[in-house]
Amino acid sequence: MQIIILRSEKEAAARVADLVAEQVKKKKTSVLGLATGKTMIPIYREIARRKINFSRVKTFNLDEYAGGDSLRKFMERNFFGKVNLKEKNIFFLDGKARDWKSECSLFEGEIRRAGGIDLQILGVGRNGHIGFNEPGSSLKSRTRRVRLSLSTRHDNGTRFGYALTMGVGTIMSARRIVLAALGGRKAEIVGKVIDGRTGSGVPASFLRRHRRFLLVLDGAAAGE
Ligand code: GLP
């Protein structure tokens, strides 16, 4: 695990955007794993400002509410509508799919067919969830339907009780993982991710076992 602490939210977001820019410059056909959430808003703004050429890039989003499409809409608004990604290269779990089991296995198959994820960007929930892998999720979990905890539903202000999400194992299969945590409300969970017990009690703690895991924090999230 590598940790980078920057003074402000803006600098931290810019650093994550730089990592994405470097990745796509190095490999024009990069496969990116993307996240939603407030943390991602300044990051997507910075990425869009850099005028990166995404014309051959593929993206896979972590999750979507079961029965909804609001995370897809979040991405349209904050990212897809601002860069030159091709529609056919945007992969998203269909929260409205009736047969969620086959939807989840199709999604895993698409990731495999794309050659796996080169760079996965993540945020973290205050209870340590990544994607929607709530506490209790196993290291081996793959894309599936999960029940959301009350604290997550409250933090995200959602009426949905379930979601489809990449599993911890799916996330861990990415070749490189960057988790961004911004603001003082993330300081407590960041402490646990860095030196708490590794285990499904805090799913983000599993990331420490990844060979190329980078944590990008602003001062407040680092507890300064
Ligand atoms: C949601 C998403 C996560 C995200 C987390 C943190 O639950 N499924 O991928 O990391 O919220 O969100 P925020 O950045 O708004 O704190």
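In this report, we go over the structure that sits alongside the text. (Residues numbered from 1 in each chain as written. Predicted model: local features only at pLDDT ≥ 70, side-chain atom pairs only at ≥ 80, totals over all residues. Heavy atoms only, no water.)

**Section: the nonpolar core**
Selection criterion: In plain words, nonpolar cores are sets of buried Ala, Val, Leu, Ile, Met, Phe, Trp, Tyr and Cys residues tied together by side-chain atoms within 4.5 Å. Relative accessibility decides the category of a residue: with a 1.4 Å probe and only protein chains considered, values under 20% of the type maximum give buried, values over 50% give exposed, and everything between is partly exposed. Every helix listed is a DSSP run of H or I at least four residues long, and every strand listed is a run of E at least two residues long, numbered separately from the N terminus. Note on definitions: a residue-residue contact is assigned when non-hydrogen atoms from the two residues lie within 4.5 Å.
In terms of nonpolar packing, the biggest core is built from 75 residues, with V20, I47, F54, F60, F79, L179 and L207 touching the most fellow members. In terms of residue count, helix α1 (residues 9-26) provides more of this core than any other element does, seven residues in total. The residues contacting F79, other than those within four sequence positions of it, are L34, Y44, I47, F54, F74 and L85.

**Structural notes on the site of the ligand**
The criterion, for reference: Proximity is defined per residue: if any heavy atom of the residue lies within 4 Å of a molecule or strand, that residue is considered near it. Polar contact criterion, stated in full: a pair of N or O atoms within 3.5 Å, where within protein one must be able to donate a hydrogen and the other to accept it, and residues adjacent in sequence count only if both atoms are side-chain atoms. Computed with a 1.4 Å probe, the accessible areas rest on the Shrake-Rupley method; for each residue, only the protein chains presented here act as cover. For this classification, the nonpolar set comprises Ala, Val, Leu, Ile, Met, Phe, Trp, Tyr, Cys and Pro, the charged set comprises Asp, Glu, Lys and Arg, and every other residue, Gly included, is treated as polar.
In the region of the ligand, 14 residues are neighbours, and K38, T39, H129, R185 and K186 sit closest. Here an oxygen atom of the ligand and a backbone polar atom of G123 are 3.3 Å apart. Between the ligand and G131, the relevant distance is 3.1 Å, taken from a nitrogen atom to a main-chain nitrogen or oxygen of the residue. Considering the ligand on its own, with 390 Å² of exposed area, one finds that the protein chains cover 95% of that surface. Partitioning the shell around the ligand into residue classes produces three nonpolar, seven polar and four charged.

**Things to note about the environment of D94**
Looking at the element boundaries, D94 is found in the loop between β5 (90-91) and α4 (100-113). Sequence spacing of D94 and R209 is 115 residues, and the spatial spacing of their C-alpha atoms is 30 Å.

**Brief notes about the packing of α1 against helix α2 (residues 40-49)**
This is how the line gets drawn: Every angle, taken between N-to-C directions, lies between 0 and 180 degrees, and every axis is a line fitted to C-alpha atoms, over only the stretch in contact when it is a helix. Any angle that falls under 35 degrees is termed roughly parallel, while one over 145 is termed roughly antiparallel, one within 65 to 115 roughly perpendicular, and all others oblique. In this scheme the handedness of a crossing depends on how the near helix is turned from the far one: anticlockwise by less than a right angle means left-handed, clockwise means right-handed.
At a closest axis distance of 8 Å, the pairing of α1 and α2 adopts a crossing angle of 55°. It follows from the interaxial angle that α1 and α2 lie oblique. In terms of crossing hand, the pair formed by α1 and α2 is right-handed. Of the residues in α2, those touching α1 at E9, K10, A13, A14, V16, A17 and V20 are P42, I43, E46 and I47. Split into classes, the residues belonging to the contact of α1 with α2 amount to eight nonpolar, no polar and three charged.

**Details of the sheet that holds strand β2 (residues 31-34)**
In plain terms, the rule: Here, any two strands with at least 2 DSSP bridges between them count as paired.
Across the sheet, seven strands lie side by side as β1-β10-β9-β6-β2-β3-β5; this open sheet has parallel pairing. Edge positions in the sheet fall to β1 (2-6) and β5, since each has one partner strand and no second. In this sheet, strand β3 (residues 58-61) lies alongside β2 in parallel orientation, the contact comprising four bridges. Bridging across to β3, L32 finds its partner in T59.

**Describing the environment of H129**
Positionally, H129 belongs in the loop between β6 (119-122) and β7 (144-147). The spatial distance from the C-alpha of H129 to the C-alpha of S151 is 11 Å, given a sequence separation of 22 residues. Excluding residues that lie within four positions of it along the chain, H129 makes contacts with G123, V124, E134 and T152. Looking at H129, its side chain comes within polar contact range of the side chain of E134, at 3.2 Å.

**Considerations on α2**
Across the ten residues that make up α2, a large majority, seven, are buried. In this fold, the buried residues of α2 make contact with α1, β2, α3 (70-78), β6 and β9 (176-181). One or two steps after α2, the chain reaches K51, where phi turns positive at roughly 50°.

**Quick notes on the pairing of strand β8 (residues 162-165)**
Of the pairings in the sheet, the one linking strand β4 (residues 63-65) to β8 comprises three bridges and is antiparallel in character. Bridging across to β8, D63 finds its partner in T165. Pairing of β7 with β8 involves four bridges; the strand directions are antiparallel. Bridging from a neighbouring strand, R144 pairs with T165 of β8.

**Focus on the pattern of salt bridges**
Any two side chains of opposite charge can pair if their charged atoms end up close together. Rules: A pair is scored as a salt bridge if a Lys or Arg side-chain nitrogen falls within 4 Å of a carboxyl oxygen belonging to Asp or Glu.
In the structure shown here, the tally under the stated rule is 14 salt bridges. Notably, a salt bridge pairs D18 with R50, separated by 2.8 Å at the nearest N-O pair. Placement of the pair is D18 in helix α1 and R50 in the loop between α2 and β3, with a sequence separation of 32 residues. What makes R50 partly exposed here is its relative accessible area of 27%. R72 is the partner of E87 in a salt bridge, and the nearest nitrogen-oxygen pair spans 3.2 Å. On the criterion of sequence distance, the pair formed by E87 in the loop between α3 and β5 and R72 in helix α3 is long-range, its members being 15 residues apart.

As far as function goes, none of this settles anything; it's purely spatial.
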